Amino acid sequence: SYLKRTLELEEITISDSSKAEAKIQDQCYPGQPLGAFRIEEKPHVMVTLVNQQSGKPHFTARLPVFSGDSVMSVARRLVKQDGFMDNASQISFWRYNDTEAGMRTIPSVHEPHANQTQLPGKAMFSLNSTRTAILCQEMLAEGGVGEAIEVGSHLTYDVC
């Protein structure tokens, strides 16, 4: 957790040197760990996040959403990219009830979330089979998962 925050990484994996290349095995010994960094391109969907609140300095953002991401991890990624937000827990995400036509409707100033449903804070994202949209599943209190709902590739968000 400390390394992920300070190095601004999405994921970190610590593995045994016996599973590494011969060069790393030769240079690594007890008490002297050796860091090897690599970039892995994980399957993701680029999601467009739109803030419909008037008078706020937050606009549209495009972020990758990976399979297994939680609502909070996407909120942290948005905070890191935005620069104006301080706390990821102040962000709430909303999905369009109609994933095709919802993003093409003009939002109302009086009802900005008409025809939208708020995503639960304990939801997890996954990718659809063609990797063009994300699915959302609520994590239930008894440890199970709820029904997978297709969210699409456009969400709205509010900052409290």
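Residues numbered from 1 in each chain as written. Predicted model: local features only at pLDDT ≥ 70, side-chain atom pairs only at ≥ 80, totals over all residues. Heavy atoms only, no water.

Draft legend 1. Molecular detail of the confidence of the model for the chain. Averaged over all residues, the pLDDT of the chain equals 85, while 100% of them reach at least 70. Considering each helix and strand of the chain separately, the mean pLDDT is smallest for helix H1 (residues 2–7), with a value of 80, and largest for strand S3 (residues 91–96), with 93. (pLDDT = per-residue confidence, 0-100. Helix = DSSP H or I, 4+ residues; strand = E, 2+ residues; numbered from the N terminus.)

Draft legend 2. Broad picture of the sheet that holds strand S8 (residues 154–159). Taken together, the five strands give an open sheet; going across it, the order is S2-S1-S8-S3-S4, and neighbouring strands pair in mixed fashion. Two strands lie at the open edges of the sheet, namely strand S2 (61–66) and strand S4 (116–118), each paired on one side alone. For this sheet the average axis-to-axis angle between neighbouring strands, irrespective of direction, equals 40 degrees. Taken together, the four bridges between strand S1 (residues 44–51) and S8 define a ladder with parallel strand orientation. In the strand pairing of S8, valine 50 is matched with threonine 156. Set on the sheet, helix H3 (residues 71–82) makes contact with S1, S2, S3 and S8; between it and S2 the angle comes to about 145 degrees. (Pairing = 2+ DSSP bridges. Axes fitted to C-alpha atoms, helices over the stretch in contact; angles between N-to-C directions. Contact = heavy atoms within 4.5 Å.)

Draft legend 3. Just unusual backbone geometry, in detail. Even without being glycine, asparagine 115 reaches a positive phi, approximately 65 degrees. Within the secondary structure, asparagine 115 sits in the loop between S3 and S4. In this structure asparagine 115 comes out as exposed when scored by relative accessible area, which is 59%. Even without being glycine, arginine 131 reaches a positive phi, approximately 60 degrees. Examined against the element boundaries, arginine 131 turns out to sit in the loop between strand S5 (123–127) and strand S6 (134–138). (Buried < 20%, exposed > 50% of the residue type's maximum accessible area, 1.4 Å probe, protein only.)

Draft legend 4. View of H3. End to end, H3 covers 16 Å across twelve residues, agreeing with the expected 16 Å (1.5 Å per residue, within 8%). Along H3, the positions that sit buried rather than exposed are Val71, Ser73, Val74, Ala75, Arg77, Leu78 and Val79. Turning to H3, the residues buried within the fold contact S1, S2, S3, S5 and S8. The positive-phi residue at the C-terminal boundary of H3 is glycine 83, with phi of around 90 degrees. (Expected span 1.5 Å × (residues − 1).)

Draft legend 5. Molecular detail of the pattern of salt bridges. Scanning all chains against the criterion turns up one salt bridge. For arginine 77, the salt bridge identified is with aspartate 69, shortest N-O distance 2.9 Å. Assessed through its relative accessible area of 9%, arginine 77 is described here as buried. The class for aspartate 69 is buried, based on a relative accessible area of 9%. (Salt bridge = Lys/Arg side-chain N within 4 Å of Asp/Glu carboxyl O.)

Draft legend 6. Local environment of the nonpolar core. Counting 25 residues, the largest nonpolar core has Leu78, Ile91, Phe93 and Ile134 as its most contacted members. Contributions of two or more residues to this core are made by S1, S2, H3, S3, S5, S6 and S8. The biggest single contributor to this core is H3, with five residues. (Core = buried A, V, L, I, M, F, W, Y, C linked by side-chain atoms within 4.5 Å.)

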